[in-house]
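# Structural overview for review
So you can see what is in the structure, the chains are spelled out below.
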Amino acid sequence: MSTASPVVTANRSAPLTPRRRWWPTPKLIIIIAVAGAIGYLALVPLYYLLWGTFFDASGFTLGGFATAYGDSRIGSLIGNSLWFAAGSAVLSLVVGTSLAYLNVRTDVPFKALFFAASIIPLIIPGILYTISWIFLASPDIGLINKALEPVFGPAAVDVFTIWGMIWVEGLHLSPIVFLLMVAAFRSMDPSLEESALMCGASRLQVFRKITVPLTRPAIVAAVLVMAVRSLESFEVPALLGLQNGIYVFTSRIYFVLRSYPPDLAAAGALALGLLVLAVLGVAISNLVGRAGKSFQTVTGKGFRPRPMELGRWRPVMGAAIVCYFLLTVVAPLVVLLYTSLLKFYQAPSMAALRSMSLDNYVELLGLSQAATALRNSLFLGVATATLVMAVMAIAAWITVRSRIPGRQLIDQFAFVPLVIPGLVLGLALSFVYLRSPIPIYGTIFILLIAYVTRYMPYGMRYSVTSMQQIATELEESAQVSGASWWQTFRRVLLPLLAPGLLAGWIYILVVSFRELSSSILLYSPGNEVLSILIFEQYENGQFTVLAALGVVMVLTLVVLVTVAYKLGAKVGLREN
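First, a word on what this report is: a plain description of the structure on this page. A quick note: this is a predicted structure, and the numbers were derived from the prediction, not measured.

The next point concerns the overall build of the protein. Check the secondary structure of the protein and you find 25 helices and two strands. Considering the protein as a whole, with its 576 residues, one finds that 48% of them fall into the buried category. Taking contacts inside the protein between residues at least 6 apart in sequence as the whole, the part at least 24 apart equals 79%.

Here you go:
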């Protein structure tokens, strides 16, 4: 005991060494915040959608599925959805692939029209494109029917049918297929086709036995992507299908939620069915893309594509391209402009031309909802593009540059919204914020959350692609010189990422400005956007004011894209 007491005394009298407290670094805080935001945006709405569909006040239930899928009309709904998606995908594939082949592999004339025919329809919002075709092909007021009536009688064509829905959706999607297939045809070695022609094969045989098999992965992927896009389409089924009681998943979900009282569980069950179809389509598309390596024909050996001569078919193909341009680009825009100048919608005549005025545009200036909707659309477009690209730039660094365990989960979570149709996302956010104590539902900020979630995958792709092109030596040199992580990211990486980030910013700005499907279930009076206001004007029968609003919307998009393109060109010049 005597030997132990000095030790105890010594320990008590020794000064205590202060423990060093651990504080998270700014880098760690930013990484955790970005990863948490992506996980929250991607997973929480899906969780609440599943909870609201399978659980009620009494616990687990399948009542929503019994109501939704026990309806006697569910068979026709599923059939209409699949037929609409398949038909639109095939039509867009035939049109887009034909145009891409003519543009890349032949000496077809009027190639300058290909750019306009592929870009302009992407700028026109889907709701305006659909309404334009109502003005053109409605059995009652359609200008095409008025022109064909002396020969084929009244109502020769009817856009309010499943075939009309396929026609409008397929034409609107064909520019996307064109852009996809142009890349596929440009990367294919043309010597294989030239060899077949020298052996005596006809152009049709070459196209069927050589060109199509070599581009099969791109073709199948385009079909699946367009089918998924058609499944989640809302504008065409709502404006064309509901007129004659033709329901698909999206229009049925909208109808269930707009009826009184709204059946959230049944809407959730329908949304899950649509989500399953979308996930299957994307999964099959990814498998086809991986299998596409078996069809690679571009190797290290250089080649120079030489356009094939069309011969006597050259003027025929040129005329077909002009007709396509007039039908898909000029006609929808002209009919919108024509309608916006009328007092009431009517077929072209001398009396109609004499009655044209700018009264509808004057009425728009006095319509407070129009100014509010334009302001909301601009705010949401700019805010969504800025937030998405800012967050995804850091997320791309985590995925590409860091060595954090599980970093690939961030990339995967960021792509979850890609398979969620816009209407399903709006319903899922309704489940979240109707139960949330935070007063977000009914404000413009819930639309901002929906837009950021919906377009997060596109921002991630732009950011990751740009990050992968930058060498790591630049960051290492900055860190060796004493720069912190944030200084390196802000002063070295961001200027180099600027062109790619700006390209993503422009794209997200455009698609957010015209978004409808995820907004239709979330907006409230005073928080309308332009697409919602156009939809309401159509439901109220205000066709001429609607057309004027559509013209303003298209012009605004053109100005935004032009200004952003000029800024992007300047950024590119600085980098070069």
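With that settled, the discussion passes to the packing of aromatic side chains. Within a pair of aromatic rings, the relevant descriptors are the distance that separates the centres and the angle that separates the planes. This model, assessed by the stated rule, comprises 23 aromatic pairs. Aromatic pair Tyr 455 and Tyr 458: ring centres 6.0 Å apart, planes at 45 degrees, arrangement tilted. Of the two residues, Tyr 455 and Tyr 458 are both situated in helix α21 (residues 444-468); the distance of three residues between them amounts to about one turn of the helix. Residue Tyr 455 is classed as buried on the basis of its relative accessible area, which comes to 5%. Through a chain of ring-to-ring contacts, the aromatic side chains of Tyr 47, Tyr 48, Trp 51, Phe 54, Phe 55, Phe 60, Phe 65 and Tyr 69 assemble into a single cluster. When the ring centre of Tyr 247 is taken as origin, the NZ or CZ atom of Arg 252, which lies over that ring, is 5.3 Å away.

Attention now goes to helix α6 (residues 126-137). For α6, with 12 residues, the first-to-last C-alpha span of 16 Å sits near the 16 Å given by 1.5 Å per residue. Counting buried positions along α6 gives 12 out of 12 residues, so the element sits mostly inside the fold. Residues of α6 that are buried: Gly 126, Ile 127, Leu 128, Tyr 129, Thr 130, Ile 131, Ser 132, Trp 133, Ile 134, Phe 135, Leu 136 and Ala 137.

With respect to the element layout, Leu 270 can be found in helix α14 (residues 264-291). In this structure, the C-alpha to C-alpha distance between Leu 270 and Ile 253, residues 17 residues apart in sequence, is 6.6 Å. Excluding anything up to four places from it in sequence, Leu 270 contacts Ala 68, Tyr 69, Ile 74, Phe 249, Arg 252, Ile 253 and Val 256.

What follows is about the environment of Ala 68. Positionally, Ala 68 belongs in helix α3 (residues 63-69). By relative accessible area, which is 11% here, Ala 68 ends up buried. It is 9.6 Å that separates the C-alpha atoms of Ala 68 and Arg 252, two residues lying 184 residues apart in sequence. Those residues in contact with Ala 68, other than ones at most four positions away along the chain, are Ile 74, Ala 266, Ala 269 and Leu 270.

So, on to the packing of helix α2 (residues 26-54) against helix α20 (residues 422-434). Between α2 and α20, the least distance of the axes is 8 Å, while the angle of their chain directions is 80 degrees. As summarised for this structure, α2 and α20 are arranged roughly perpendicular, according to the angle between their axes. Where α2 abuts α20, its residues Tyr 40, Val 44, Pro 45, Tyr 48, Leu 49 and Gly 52 lie against Val 424, Leu 427, Ala 428, Leu 429, Phe 431, Val 432 and Tyr 433. Partitioning the contact of α2 with α20 into residue classes produces 12 nonpolar, one polar and no charged.

Within the structure shown, the criterion is met by five salt bridges. The partner of Arg 454 in a salt bridge is Glu 232, and the shortest N-O contact between them spans 3.6 Å. Of this pair, Arg 454 sits in helix α21 while Glu 232 sits in the loop between α11 (216-231) and α12 (235-241); the two residues are 222 residues apart in sequence, bridging distant segments of the chain. The class of Glu 232 is buried, set by a relative accessible area of 12%. With its nearest N and O atoms 3.3 Å apart, the salt bridge here joins Glu 515 to Arg 454. Of this pair, Glu 515 sits in the loop between α23 (485-513) and α24 (530-539) while Arg 454 is found in helix α21, placing the two residues 61 residues apart along the sequence. Like Glu 515, the residue Arg 454 is buried in the burial classification. Each of the salt bridges in this network shares a partner with another, and the network as a whole consists of Asp 71, Arg 73 and Arg 252.

Among the structural elements, Gly 500 can be located in helix α23. Taking C-alpha positions, Gly 500 is 7.9 Å from Thr 465, a pair spaced 35 residues apart along the chain. With sequence-adjacent residues up to four places away left out, Gly 500 is seen in contact with Tyr 462 and Ser 466.

Take the packing of helix α18 (residues 368-400) against α23 next. As a packed pair, α18 and α23 sit with axes 8 Å apart at the nearest point and diverge in direction by 140 degrees. By the angle class used here, α18 and α23 are oblique. α23 is crossed by α18, and the crossing has right-handed handedness. Considering only residue class, the contact of α18 with α23 consists of 18 nonpolar, six polar and no charged.

Time to look at helix α15 (residues 314-340). Between the first and last C-alpha of α15 there are 38 Å, a value that for 27 residues agrees with the 39 Å anticipated at 1.5 Å per step. In the structure, α15 departs most strongly from a straight axis at Val 330, where the bend amounts to approximately 40 degrees and where the proline Pro 332 lies between one and four residues downstream. Of all the positions in α15, only Gly 318, Ile 321, Tyr 324, Phe 325, Thr 328, Val 329, Pro 332, Val 335, Leu 336, Tyr 338, Thr 339 and Ser 340 are classed as buried.

This part covers the layout of surface pockets. The computed volume of the second largest pocket comes to approximately 420 Å³. Taken together, 13 residues line the second largest pocket, and the ones lying closest to its centre are Tyr 101, Leu 102, Arg 203, Leu 310 and Met 317. Elements that contribute at least two residues to the lining of the second largest pocket include exactly α4 (74-105) and α10 (203-214). Here the lining of the second largest pocket takes five residues from α4, the largest share from any one element. Looking at the lining of the second largest pocket residue by residue, the classes come out as nine nonpolar, three polar and one charged.

Analysis parameters
- Residues numbered from 1 in each chain as written.
- Predicted model: local features only at pLDDT ≥ 70, side-chain atom pairs only at ≥ 80, totals over all residues.
- Heavy atoms only, no water.
- Helix = DSSP H or I, 4+ residues; strand = E, 2+ residues; numbered from the N terminus.
- Buried < 20%, exposed > 50% of the residue type's maximum accessible area, 1.4 Å probe, protein only.
- Contact = heavy atoms within 4.5 Å.
- Phe/Tyr/Trp six-rings, centres within 6.5 Å; stacked < 30°, edge-to-face > 60°.
- Lys NZ or Arg CZ within 6 Å of the ring centre and 35° of its normal.
- Expected span 1.5 Å × (residues − 1).
- Axes fitted to C-alpha atoms, helices over the stretch in contact; angles between N-to-C directions.
- Parallel < 35°, antiparallel > 145°, perpendicular 65-115°, else oblique.
- Nonpolar A, V, L, I, M, F, W, Y, C, P; charged D, E, K, R; others polar.
- Salt bridge = Lys/Arg side-chain N within 4 Å of Asp/Glu carboxyl O.
- Left-handed = near helix turned anticlockwise from the far one by under 90°.
- Bend = angle between axes of the 7 residues up to and from the residue.
- 1 Å grid on protein atoms, 1.4 Å probe; cavity = no way out; pocket = protein on both sides within 12 Å on 5 of 7 lines; lining within 4 Å.
- Points joined across faces, edges and corners; volume = space filled by probe spheres on them.

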